[in-house]
Amino acid sequence: MAVKTELKLKTEPFVLNIGPVHPSTHGVFRMRATLDGEVLIDLEPVFGYLHRGIEKLAEGRTYTQVIPLTDRLDYLASMSNNLAYVMAVEKLAGITVPERAEYLRVIMAELQRIASHLIAVGAFLNDCGAFMTPILYMIREREKILDLLEMVSGQRLTYNYMRVGGVSQDIPGEFLPALRKFVQRMPSYIDEYDQLLAENEILLARSKGVGILPKDMAINASASGPVLRASGVKWDIRKADPYSVYDRFQFDIPTGSVGDCYDRYRVRVQEMRQSVRIIKQVMEGLPEGEVKAEVAHFLRLPVGETYAHIESPRGELGFYLVSDNSIAPYRLHIRAPSLINLTALRDMTLGWKVADVIIIFGSIDINMGEVDR
Amino acid sequence: MAIYSPGLSVLSQNAALPPDWPGGYWLHWLVFVVIIMTFVLASIMGFIYFERRGIGRFQVRLGPNRTGPFGILQPVADAIKVLLKEDIVPAKGDRIVHWLAPVVAFVPVLLIFAVVPFGGGALLADLNIGILYVVAVSSVTVVGVFMAGWASNNKYSLLGAMRDVAQVVSYEIPLLLSIVGVVLLTGSLSMIKIVAAQDLPFILLQPLGFLIFFMAALAEINRTPFDLLEAESEIVAGFHTEYSGMKFAMFYLVEYAEVLAISAIITTLFLGGWRGPLLPPFVWFLIKVFGVFFFIFWIRSTIPRLRIDQVMAFAWKALLPLALLNLVVTGIEIVALPAISPWVIILINLGVLAVLVVVWSRFFKLGGGRVAV
Amino acid sequence: MTLALSGKEIAGKLEEQFPGGILDSGADSVTIKSDLLLSVASFLKDTKDLEFDYLTAITAVDYSRYFELVYQLTSLKHNHSLIIKTQLYDRNHASLPSVSGLWRGADFQEREIYDLLGIKFDGHPNMKRIFLWEDFQGHPLRKDYL
């Protein structure tokens, strides 16, 4: 009787801790990856290395004192965080914001979106292996935005600019000319990035069809922002549920078709163009007047709860605010788009190689300050 | 002078000694070894400075400019810094192999320079199998790299080393086959004769061979887009993650010595070596070497990195068939058209290059994709 | 504009399906019994004209006497939203069925609530702390912590 033997290449899976200290985890994120050779067969995200308990800290501070805390959430988009928080307070208190302040808020939020996307796209290309060049070009333009934001707030990263009822101060005289110059030049800079790599054969081979997030899974996993839109869902809170004065401006919602890394990258680039378009319109229509409504120093909100959300560069950023009529929030919950966008990370990366895992993770564009809070 | 072993006496007969030189083989040997070592180390310093400044310009920044005039002492500062650093061996690493690895990696690279003709006749040994010797010796470096990856007891190191072994072994084949085209034209393996045969640089007569050689060489020396083994964004630093101090400096030297060697070999095989009008031969040689090196780091600062399966597919599915076809075409030309003007052959070969590259790029698809897990 | 569906109207619809399960209804919210959560959620997700396919956020608030869980649902298809609330009175063994089977997006948010407020979600595939380390004592967002 012949003995049947089966010759099979036997491999042993091993665990690789990608992070928390790793060049491409964009902060202190850790992926506990199980690999079979180069292929990822299991992945568990581990959070919490940057947990500062901002929700708890907010319960011991007055409503105005919470604003600097929100700066420290998504430190690449502090303006957006400020905006979402003060909107939540204003919604519960029923404060109307002066027209000029609303326009200024839109300018700042859109500038912040461009700055944040520049880092996102640059870091993504860096993860793909384009050694530092694209990100340094993008940082060059981000510097200009930081200069603009420094003009209005005096800070380069944690602006603390928005206030309940408006903004902390009016823009200085040299701001608008500088902004006009920036807005004129920015489209040609974006063209420059596209000429560098957008159609590069290697980049296409690396990112097209990689890390696909299908439409239904994107919705089911509560993805938001560019991640959701790249999967082909036309959902942008600026259009779906317009806040501030966004309903007065013309802009498009760029969407992807497949939901792969390349789509996410392209959606971000297109959004930068749309943001420039919005800023142009805001500058034309910027009214004169007050920039801050009269608001009591120790603001007491009526008992109740509210939820305000905006389209931050990373997705739907929401603040759920509960008030018990004291001078501090009773409970402040932050809906962090970065954290929730990571829900589908495991499904997107399974079966891909280590190199792909890095770029899939990079294409989601998270910010650890916001993930861990 | 009976101390020569028989093998060495062959060397001394072939060595192109200037007739008026005093002494015999050993003096020649001593002088050239010192000169070559000095030349290699000096050029590596030049390369490091050149690359850092050059990439600085590519990346819209200045590059190092604080140490000495125009930052020219930067490599010296780097060397001093790295030599003074603590030498760390991982606690569970294999100490002996860890120590031996940089040496094993460095020696073969130095050996290559024995046959590189720096000027008319200026070389250590004119082996009649010069180019074969280069290929044979250079592939030993991978052993050192693998030893480093294994001895470090680090998963990133091991991943990097495994990638390197797979990649270098695969690219050896197209590399060799493209050299055969040159050898067919020359009829000799000797580097001196190869240069002497290039009344027209072989880049014109062997355009496809040059392209294949250049790409395979980039993979051999792990330069972008094939720098997978030290892909910073994926596996931190690859095989030398756990190296520091002097041992790290050795690997750093290996990296640049390899680039120098490959630039010198490309110059010798395809760009006419030291030959050129007006300027002295050695200067021509240096100009060409630096030109090739400039091209290599231009690529490094521009394009992203491939994935490991794409790299392998590219070697076996694209470069290998093309190299074989190139060999066939060259052989037919030599046998069938021995007396025809080289310009006709150049035209034919450029046509072949264009057709093959266009046709191949249609049928060839980079990259596997997701593996079912 | 995302239309906030009237809580009263939805409460009426839910009352037909789940008699006695609706405790309260507000302008844009419905408060339900906690043991009905999963069935109400799948009803809201699958019923035509409602189709809440997107779970925006889950929040838990500690009102000392009870925990209130707030589920914010959105329908990307119809662009309307609704808030479902439920209350838990047992502070020591607070638990609730997990909705992560219906909406994957609940995965990390439920773990976060467990971590910071100590509410267990039954049926969650990976119910463990998310931000704090595993042997951390207590749940910091509870009002009686510290």
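If you're wondering where the values come from, they're calculated on a predicted model, not measured in any experiment.

Parameters at a glance
- Residues numbered from 1 in each chain as written.
- Chains lettered and ligands numbered in written order.
- Predicted model: local features only at pLDDT ≥ 70, side-chain atom pairs only at ≥ 80, totals over all residues.
- Heavy atoms only, no water.
- Helix = DSSP H or I, 4+ residues; strand = E, 2+ residues; numbered from the N terminus.
- Buried < 20%, exposed > 50% of the residue type's maximum accessible area, 1.4 Å probe, protein only.
- Contact = heavy atoms within 4.5 Å.
- Areas by Shrake-Rupley, 256 points an atom, 1.4 Å probe, with all protein chains shown as cover.
- Phe/Tyr/Trp six-rings, centres within 6.5 Å; stacked < 30°, edge-to-face > 60°.
- Lys NZ or Arg CZ within 6 Å of the ring centre and 35° of its normal.
- Buried area = accessible area lost by both parts, 1.4 Å probe.
- Salt bridge = Lys/Arg side-chain N within 4 Å of Asp/Glu carboxyl O.
- Polar contact = N/O pair within 3.5 Å; in protein donor to acceptor, adjacent residues only side chain to side chain.
- Nonpolar A, V, L, I, M, F, W, Y, C, P; charged D, E, K, R; others polar.
- Core = buried A, V, L, I, M, F, W, Y, C linked by side-chain atoms within 4.5 Å.
- Pairing = 2+ DSSP bridges.
- Axes fitted to C-alpha atoms, helices over the stretch in contact; angles between N-to-C directions.
- Parallel < 35°, antiparallel > 145°, perpendicular 65-115°, else oblique.
- Left-handed = near helix turned anticlockwise from the far one by under 90°.
- Expected span 1.5 Å × (residues − 1).
- Arc of directions from axis to C-beta.
- Disulfide = S-S within 2.5 Å.

J.: Please give an account of the overall build of chain B that cites residues and values.
T.: Secondary structure assignment for chain B yields 15 helices and 0 strands. Every one of the 373 residues in chain B was classed for burial, and the buried ones make up 53%. For chain B, the proportion of contacts with a sequence separation of at least 24, taken over those separated by at least 6, is 76%. Accessible area for chain B stands at about 16600 Å²; split by element, carbon and sulfur atoms hold 75% of it.

J.: How would you sum up the packing of aromatic side chains? Please name residues and give values.
T.: What describes a pair of aromatic rings is the distance from one ring centre to the other and the angle between the planes of the rings. Summed over the entire model, instances satisfying the criterion amount to 39 aromatic pairs over all chains. For the ring pair A:Tyr243 and A:Tyr246, a centre distance of 5.0 Å and an interplane angle of 70° mean the geometry is edge-to-face. The ring of B:Tyr256 carries B:Arg223 above its face, with NZ or CZ at 5.4 Å from the centroid.

J.: Kindly report on the interface of chain A and chain B, identifying the contributing residues and their values.
T.: Taken together, the contact between chain A and chain B spans 44 residues of the former and 31 residues of the latter. Around 3100 Å² of area is buried between chain A and chain B when both sides are counted, 61% of it from carbon and sulfur atoms. If you sort the residues of chain A by the area they bury against chain B, A:Glu38, A:Phe131 and A:Ile202 come out on top, with a joint share of 18%. Linking chain A with chain B are 3 salt bridges. If you look at where chain A meets chain B, you find 10 residue pairs in polar contact (both at pLDDT 80 or more). Ranked by residue count, the leading element in the side of chain A that touches chain B is strand β1 (residues 14-18) of chain A, at 5 residues. Looking at the side of chain A that touches chain B residue by residue, the classes come out as 27 nonpolar, 10 polar and 7 charged.

J.: Which residues make up the interface of chain A and chain C, and what are the values?
T.: At the interface, 39 residues of chain A touch 43 residues of chain C. Across the chain A/chain C interface, buried area totals approximately 3300 Å², and carbon plus sulfur atoms make up 54% of it. Counting the surface chain A buries against chain C, the share from its top three residues, A:Asn220, A:Trp235 and A:Tyr330, is 18%. Our count for the chain A to chain C interface comes out at 5 salt bridges. For A:Arg373, the salt bridge goes to C:Glu112, with nearest N and O atoms at 2.9 Å.

J.: Just give me the short version of the nonpolar core, but keep the residues and values in it.
T.: Counting residues in hydrophobic clusters, the biggest one holds 171 residues, and the most contacted among them are A:Met108, A:Leu111, A:Leu342, C:Leu44, C:Leu69, C:Tyr71 and C:Ile119. Counting residues per element, this core draws most heavily on helix α4 (residues 99-127) of chain A, at 13 residues. Within the second largest apolar cluster, 95 residues are counted, among which are B:Ala114, B:Val115, B:Leu306 and B:Phe314.

J.: Could you give an account of the environment of B:Val97, with specific residues and numbers?
T.: Residues and elements named next belong to chain B. As for its placement among the helices and strands, Val97 is situated in helix α4 (residues 95-112). In this structure the C-alpha to C-alpha distance between Val97 and Ala79, which are 18 residues apart in sequence, comes to 24 Å. Ignoring any residue separated from it by four or fewer positions in sequence, one finds Val97 in contact with Met147, Ala151 and Tyr243.

J.: Which residues make up the sheet that holds β1(A), and what are the values?
T.: Residues and elements named next belong to chain A. Read across the sheet, 3 strands follow the order β1-β2-β3 without closing on themselves; strand pairing throughout is antiparallel. The strands lining the two open edges of the sheet, one partner per strand, are β1 and β3 (39-46). Between one strand and the next, the sheet's axes are offset by a mean angle of 25°, whatever the strand orientation.

J.: How would you explain the packing of α4(B) against helix α12 (residues 245-270) of chain B if you had to name every residue and give the values?
T.: All names here are of chain B. Remark: α4 packs on α12, axes separated minimally by 9 Å, with the N-to-C direction vectors making an angle of 20°. One element, α4, and the other, α12, form an angle in the roughly parallel class. Crossing hand, α4 versus α12: left-handed. Of the residues in α12, those touching α4 at His98, Trp99, Ala101, Pro102, Val103, Ala105, Phe106, Val109 and Ile112 are Lys247, Met250, Phe251, Leu253, Val254, Ala257, Glu258, Ala261 and Ile265. Considered class by class, the residues forming the contact of α4 with α12 number 15 nonpolar, 1 polar and 2 charged.

J.: Can you tell me about helix α13 (residues 281-300) of chain B, naming the residues and giving the values?
T.: Residue and element names in this part refer to chain B. With 20 residues, α13 ought to run about 28 Å at 1.5 Å a step, and its terminal C-alpha atoms sit 29 Å apart, in line with that. Of the positions making up α13, those classed as buried are Phe285, Lys288, Val289, Val292, Phe293, Ile296, Phe297, Ile299 and Arg300. When α13 is viewed along its axis, its buried side chains cluster within an angular range of 165° and face the same direction.

J.: Give a detailed account of the pattern of salt bridges, specifying residues and quantitative values.
T.: Scanning all chains against the criterion turns up 46 salt bridges over all chains. A salt bridge links A:Glu143 to A:Arg156; its shortest N-O distance comes to 2.5 Å. Residue A:Glu143 is located in helix α5 (residues 133-153), and its partner A:Arg156 is located in the loop between α5 and β4 (162-163); the two are separated by 13 residues in the primary sequence. Overall, the relative accessible area of 32% leaves A:Glu143 in the partly exposed class. Look at A:Arg156 and you get partly exposed, because its relative accessible area is 30%. Measuring nitrogen to oxygen at the nearest pair gives 3.0 Å for the salt bridge that ties B:Asp227 to B:Arg305. Separated by 78 residues along the polypeptide, B:Asp227 in the loop between α10 (207-220) and α11 (232-235) and B:Arg305 in the loop between α13 and α14 (308-336) bring together distant segments of the chain. With respect to burial, B:Asp227 and B:Arg305 carry one shared label: buried. Taken together, the shared-partner salt bridges connect A:Glu110, A:Arg113, A:Arg229, A:Asp236, A:Arg238, A:Glu271 and A:Glu311 into one network.

J.: How would you explain the state of the cysteines if you had to name every residue and give the values?
T.: All names here are of chain A. If you walk through the whole model with that rule in mind, you get 0 disulfides over all chains. Not engaged in a disulfide, the cysteine Cys128 finds its nearest cysteine sulfur in Cys261; these two sulfurs lie 7.4 Å apart. The buried category is assigned to Cys261, whose relative accessible area is 0%.

J.: Before we move on, can you summarise unusual backbone geometry with the specific residues and values?
T.: All names here are of chain B. Residue Val60 is not a glycine yet carries a positive backbone phi of 45°. In this structure, Val60 sits in the loop between α2 (25-58) and α3 (74-84). One non-glycine residue with positive phi stands out, namely Phe70, at about 55°. In this fold, Phe70 is placed in the loop between α2 and α3.

Everything listed here is a matter of geometry and, on its own, says nothing about what the molecule does.
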